[in-house]
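Analysis of the macromolecular model
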Amino acid sequence: MSPADTTAPATPAGAAAVPAPGADVPARHRGALARLVRAELALVLGRRRNLVLLVGLALVPLLLGVVLYLAQDTALAGQGPPFVSRVTGNGLFLVVASLFLCTPFLLPLTIGIASGDAIAGEASAGTLRYLLVVPVGRGRLLAVKALGALVFAAAAVLAIAVVGLVVGAALFGVGDLTLLSGSTVPLADGVLRVAGVVAYVGLSMTGLVAVGLFFSTLTEVPIGAMAATVVVAVVSSVLDQLPQLAAIHPALLTHHWFDFAEMLRVVPSADVLAQGLAVQAGWVVVFGALAWARFTTADVTS
């Protein structure tokens with residue numbers, strides 16, 4: 001082919017000018033990022049394993065409600081852990097009781113599986129290097145993975161709350177809410193307080209998501225990242241039971257998880273709730289930064 005054959009044809013008069021190479025890069029990046037977010041959310045919320053986990057969590061309030069309903073006329077009525085004994089008097093408490101029972105282990109286990117798999121799962125499947133080809137940068141890719149894990153954590157908490165509300169209303173009815181002090185607030189106020197409990201529990205899981213994301217950047221074995229994430233929550237809970245370590249208790253990941261009880265007092269303490277959320281924010285910042293530093297500098301081969 002002669003040099004003349006490779007010359008680009010002249011632009012016809014009145015035709016739109018051809019943009020310079022790279023002029024539409026920002027638009028392409030935004031489009032690629034939006035597609036990546038949609039694909040990540042579809043993957044996280046559509047994966048069969050994750051759906052099974054959500055169904056398992058949703059069964060907790062269902063089973064708890066049925067058991068309490070069958071036992072309410074027996075000698076066992078009114079017995080049980082905090083909040084559980086109040087369920088038969090008001091179905092709103094089934095939401096609180098279910099979250100109380102799931103927070104120590106089932107929620108951390110579920111969220112640890114999802115967040116620990118975020119990066120390590122892609123590396124194990126050999127798809128991570130293809131994701132890095134998408135023109136969004138490693139930092140933004142990590143943010144998309146974090147968003148997917150946070151959405152799943154929210155879905156996990158909502159699965160418990162929604163089923164708990166429906167089952168509680170169906171089996172025990174809902175009405176004015178009796179607070180921990182014995183005072184009673186109107187139904188609308190009670191619903192807002194229970195919604196606050198749900199929101200606080202969801203926000204309390206953000207630190208664990210950051211921990212899982214960090215471990216997920218360290219390995220290509222998803223089960224290892226999942227296990228390490230759950231172990232962090234378990235160790236934090238164990239340390240929180242040792243009075244000799246009282247000085248570090250306020251900074252532990254799990255120490256403030258049950259502060260949602262403030263929502264059920266006459267005047268919730270804003271300082272207590274803010275301290276719990278501040279601790280989670282600290283864990284998010286520290287482990288989010290560690291995850292970013294690791295992922296943006298790691299040599300990805302799979």
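Calculation rules
- Residues numbered from 1 in each chain as written.
- Predicted model: local features only at pLDDT ≥ 70, side-chain atom pairs only at ≥ 80, totals over all residues.
- Heavy atoms only, no water.
- Core = buried A, V, L, I, M, F, W, Y, C linked by side-chain atoms within 4.5 Å.
- Buried < 20%, exposed > 50% of the residue type's maximum accessible area, 1.4 Å probe, protein only.
- Helix = DSSP H or I, 4+ residues; strand = E, 2+ residues; numbered from the N terminus.
- Axes fitted to C-alpha atoms, helices over the stretch in contact; angles between N-to-C directions.
- Parallel < 35°, antiparallel > 145°, perpendicular 65-115°, else oblique.
- Left-handed = near helix turned anticlockwise from the far one by under 90°.
- Contact = heavy atoms within 4.5 Å.
- Salt bridge = Lys/Arg side-chain N within 4 Å of Asp/Glu carboxyl O.
- Phe/Tyr/Trp six-rings, centres within 6.5 Å; stacked < 30°, edge-to-face > 60°.
- Patch = residues over 30% accessible without salt bridge, like charges linked within 9 Å, V, L, I, M, F, W, Y side chains within 5 Å.
- Areas by Shrake-Rupley, 256 points an atom, 1.4 Å probe, with all protein chains shown as cover.
- Nonpolar A, V, L, I, M, F, W, Y, C, P; charged D, E, K, R; others polar.
- Expected span 1.5 Å × (residues − 1).
- Arc of directions from axis to C-beta.

With that settled, consider the nonpolar core. One broad trend across soluble globular proteins is that nonpolar side chains are buried collectively. One finds Phe83, Leu99, Leu107, Leu177 and Phe260 to be the most contacted residues of the largest nonpolar core, which totals 75 residues. By residue number, the principal contributor to this core is helix α6 (residues 138-172), which donates 13 residues.

The subject of this paragraph is the packing of helix α2 (residues 48-71) against helix α4 (residues 106-125). Two elements in contact, α2 and α4, have axes separated by 11 Å at closest approach and are oriented at 170°. Overall, the two elements α2 and α4 adopt an arrangement that is roughly antiparallel. α2 and α4 meet at a crossing whose hand is left-handed. Each of Arg49, Leu53, Leu57 and Val60 in α2 lies in contact with α4, whose residues at this interface are Leu106, Leu107, Thr110, Ile113 and Asp117.

Before going further, it helps to spend a moment on the pattern of salt bridges. Enumeration according to the criterion identifies six salt bridges in this entry. A salt bridge links glutamate 40 to lysine 145; the shortest N-O distance between them is 2.9 Å. Of this pair, glutamate 40 sits in helix α1 (residues 25-46) while lysine 145 sits in helix α6, and the two are 105 residues apart along the sequence. Across this residue pair, the class does not change: glutamate 40 and lysine 145 are buried. Taking the shortest distance from any N to any O, the salt bridge between aspartate 117 and arginine 49 comes out at 3.2 Å. Placement of aspartate 117 in helix α4 and of arginine 49 in helix α2 is noted, with a sequence separation of 68 residues between them. Classification of aspartate 117 as buried rests on a relative accessible area of 9%. Here arginine 49 falls in the partly exposed class, since its relative accessible area comes to 30%. A single salt-bridge network, built from bridges that share partners, covers Glu40, Glu122 and Lys145.

This next bit is on the packing of aromatic side chains. Considering all chains together, one arrives at eight aromatic pairs under this definition. Measuring from ring centre to ring centre gives 5.6 Å for phenylalanine 214 and phenylalanine 215, while their planes differ by 45°; the resulting arrangement is tilted. Like phenylalanine 214, the residue phenylalanine 215 is buried in the burial classification. Taking 6.1 Å as the distance between ring centres and 55° as the angle between the ring planes, the aromatic pair formed by phenylalanine 258 and phenylalanine 260 counts as tilted. Site record: aromatic cluster; members linked through ring pairs are Phe83, Phe100, Phe258 and Phe260.

Attention now moves to a nonpolar patch on the surface. A cluster of nonpolar side chains, Val55, Leu59, Leu62, Leu63, Val66, Tyr69 and Leu70, forms an exposed patch at the surface whose accessible area comes to about 630 Å². The topology assignment puts leucine 70 in helix α2.

Bringing the environment of leucine 290 into the picture now. Relative to the elements of secondary structure, leucine 290 occurs in helix α10 (residues 270-297). Judged by relative accessible area, leucine 290 falls into the partly exposed class, the value being 39%. Separated by 76 residues in the primary sequence, leucine 290 and phenylalanine 214 have C-alpha atoms spaced 6.4 Å apart.

Packed helices, taken two at a time, are described by their axes: the angle between them and the distance between them. It is the contact of helix α3 (residues 92-102) with helix α7 (residues 187-204), at a shortest axis distance of 10 Å, that shows an interaxial angle of 15°. In terms of orientation, α3 and α7 fall into the roughly parallel class. Along this stretch, α3 crosses α7, giving a crossing that reads as left-handed. The residues of α7 that touch α3, namely those facing Leu92, Val95, Val96 and Leu99, are Leu187, Gly190, Val191, Val194, Val197, Val198 and Val201. Considering only residue class, the contact of α3 with α7 consists of 10 nonpolar, one polar and no charged.

So, about helix α9 (residues 222-240). Taking 1.5 Å per residue as the helical rise, α9 with its 19 residues ought to reach 27 Å, and the 28 Å between its terminal C-alpha atoms agrees with that figure. Pro222, Ala225, Met226, Thr229, Val230, Ala233, Ser236 and Asp240 are the residues of α9 that are buried. End-on, the buried residues of α9 take up no more than an arc of 130°, which puts them together on one face. Tucked into the core, α9 has its buried residues touching α2, α4 and α8 (206-216).

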